[in-house]
Amino acid sequence: MKKIITGLLLAGSFLANASESEFTTKQLQQVAELRTNASNSELSYQLLESLTTEIGPRLPGTENDKKAVAWAQAKFKQLGFDKVWLEEATFPEWRRFSESGKILTPSEQPLHLTALGHSVSTPKDGITADVVLFETLDELIAAPANRLKGKIAYINYRMNRHIDGNGYGPAVRARSTGSVEAAKKGAIGYMMRSVSTAHHRFAHTGGSHYQEGVTKIPNVTIANPDADQLARLVALGKNVTVNINVQTEDRGQGTGYNVIGQFNGTQNPEQYVLIGGHLDSWDLGTGALDDGAGVALTMAAAKHISEIKRPKRSIRVVLFAAEELGLWGAKAYFKQHVNELDKIVAAAESDFGADVVYGFESNVSAASLPVVRAIAKQLAPLNVEYIGKNNANGGPDLIPFKQATSAPIFELHQDGTDYFDYHHTADDTLDKIDPAKLKQNTAAYAVFALMAADAKTTIKAKPVASK
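Tallying each qualifying case throughout the model produces four cavities of 30 Å³ or more. Forming the walls of the largest cavity are Ser281, Trp282, Leu284, Gly285, Thr286, Gly287, Asp290, His424, Thr425 and Asp428.

Moving on, we get to unusual backbone geometry. At the junction of Thr105 and Pro106, the peptide bond is cis and its omega measures out at 15° in the coordinates. Within the element layout of this structure, Pro106 appears in the loop between strand S1 (83-105) and strand S2 (109-110). The residue after Asp290, namely Asp291, is reached through a cis peptide bond having omega 0°. Mapped onto the fold, Asp291 is located in helix H8 (residues 288-308). The backbone of His118 shows a phi angle near 80°, a positive value even though the residue is not glycine. Summarising the element assignment, His118 is placed in the loop between strand S3 (113-115) and strand S4 (127-134).

On to helix H3 (residues 43-55), then. Its 13 residues place the ends of H3 18 Å apart at the C-alpha level, agreeing with the 18 Å of an ideal helix rising 1.5 Å per residue. Within H3 the residues assigned to the buried category are Leu43, Ser44, Leu47, Leu48, Ser50, Leu51, Thr52 and Ile55. Summarising the contacts, the buried residues of H3 are in contact with helix H4 (63-78), H8 and helix H13 (435-454).

On to the pattern of salt bridges, then. Following the criterion strictly, the structure yields 21 salt bridges and no others. The closest approach of N and O atoms between Asp283 and Arg96, which form a salt bridge, is 2.7 Å. Placement of the pair is Asp283 in the loop between strand S9 (268-278) and H8 and Arg96 in strand S1, with a sequence separation of 187 residues. Judged by its relative accessible area of 22%, Asp283 falls in the partly exposed class. You can call Arg96 buried: its relative accessible area is 12%.

Another point: the side chain of Thr52. Here Thr52 shows up in helix H3. Contacts of Thr52, omitting those with residues within four sequence positions, involve Thr286, Gly287, Ala288 and Leu430.

What counts as what
- Residues numbered from 1 in each chain as written.
- Predicted model: local features only at pLDDT ≥ 70, side-chain atom pairs only at ≥ 80, totals over all residues.
- Heavy atoms only, no water.
- 1 Å grid on protein atoms, 1.4 Å probe; cavity = no way out; pocket = protein on both sides within 12 Å on 5 of 7 lines; lining within 4 Å.
- Points joined across faces, edges and corners; volume = space filled by probe spheres on them.
- Helix = DSSP H or I, 4+ residues; strand = E, 2+ residues; numbered from the N terminus.
- Expected span 1.5 Å × (residues − 1).
- Buried < 20%, exposed > 50% of the residue type's maximum accessible area, 1.4 Å probe, protein only.
- Contact = heavy atoms within 4.5 Å.
- Salt bridge = Lys/Arg side-chain N within 4 Å of Asp/Glu carboxyl O.

In structure tokens, the structure reads:
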């Protein structure tokens, strides 16, 4: 036993020394200076204020979306990035024009709703039908054939609140394919409780999908207080009839752009750390939390790094296009760079609001873990805990990279306890941002990106698992 303990202590000492040897004393002093500067800077908030105030909502394909691309190009150049360029991304363009709803029986009362992305329109006068309530998508799927003929299906699934947002995945299943399953049962319309943890009377929009060969039916979510009202009426045994009226348009293929800025590395400029967020937003709010904050803090983080030094490898900020309509910018970036993904030494996306970063996690090769631990040590003064599972998922726009297991993925976990109170609603506005928390995010991304770009050892992805 004594030999085992001694061996473990020696191994631990070796790993600690290996971590420290990745960076010189001077480099660590530069990291500390960067951490302080970014923690005290107003730059990320200034960028976010500019984007949300001067541009506002940025639904892919709209004039505001185009203005956001021009805004991002101009800001990158003003901040002194060495290279600024655009890469095209196409996507299915969609517009929301008007929406309304009301309960008709047992008594008339307003219904606060919003159309889901890609929903088809109702007739001009809307659709009126009885509501059939299901608690889950699986219950709807299990319903008998024609159970919903001429009816409006309603899923009442309630999302749970958690710091890491783990309730989102189960809830979003009904948003993604609920209307397809309802149409298969004969429904003429589909409603669902918002994918939300809020008590406010705002409906939450989001992406949805239709299926070839299945009738497309109008597809909406309703605010949580209205969802509770419907559920109470059904529980009382009342015959609940509603009217839904949404006017939308499928505009065919649209074109947008990933906007990219880069500070070039001094020794291996072809290798780079990729950080960023998505530039687009839904049309209801001004996209401050989703994902203006991610755009602003990663742009600011890269700028702060450039003020301290130019690291060995490049720092690339990618502002992805059309994420909200289906990760189209990310897919385009992956396709364009698929043969050079080994040049990415670290990738992290900020797309979970602007509350504090509380955890740091990697998804890299085992040989790269000493570098990861060294980075984690420098994040600790920001109250960021190291999560040593080495199984980070990364942000949504990194999904194509993760699936290819061809890039080292990192996640700076943000506190998402309140994120889904505002996510995809008219309430996603600048006043929800705490400037102090945004500074902490900016500092965390800056420390991470500098150290990943300046490490002695190049961070590598996990090997592709054999099948």
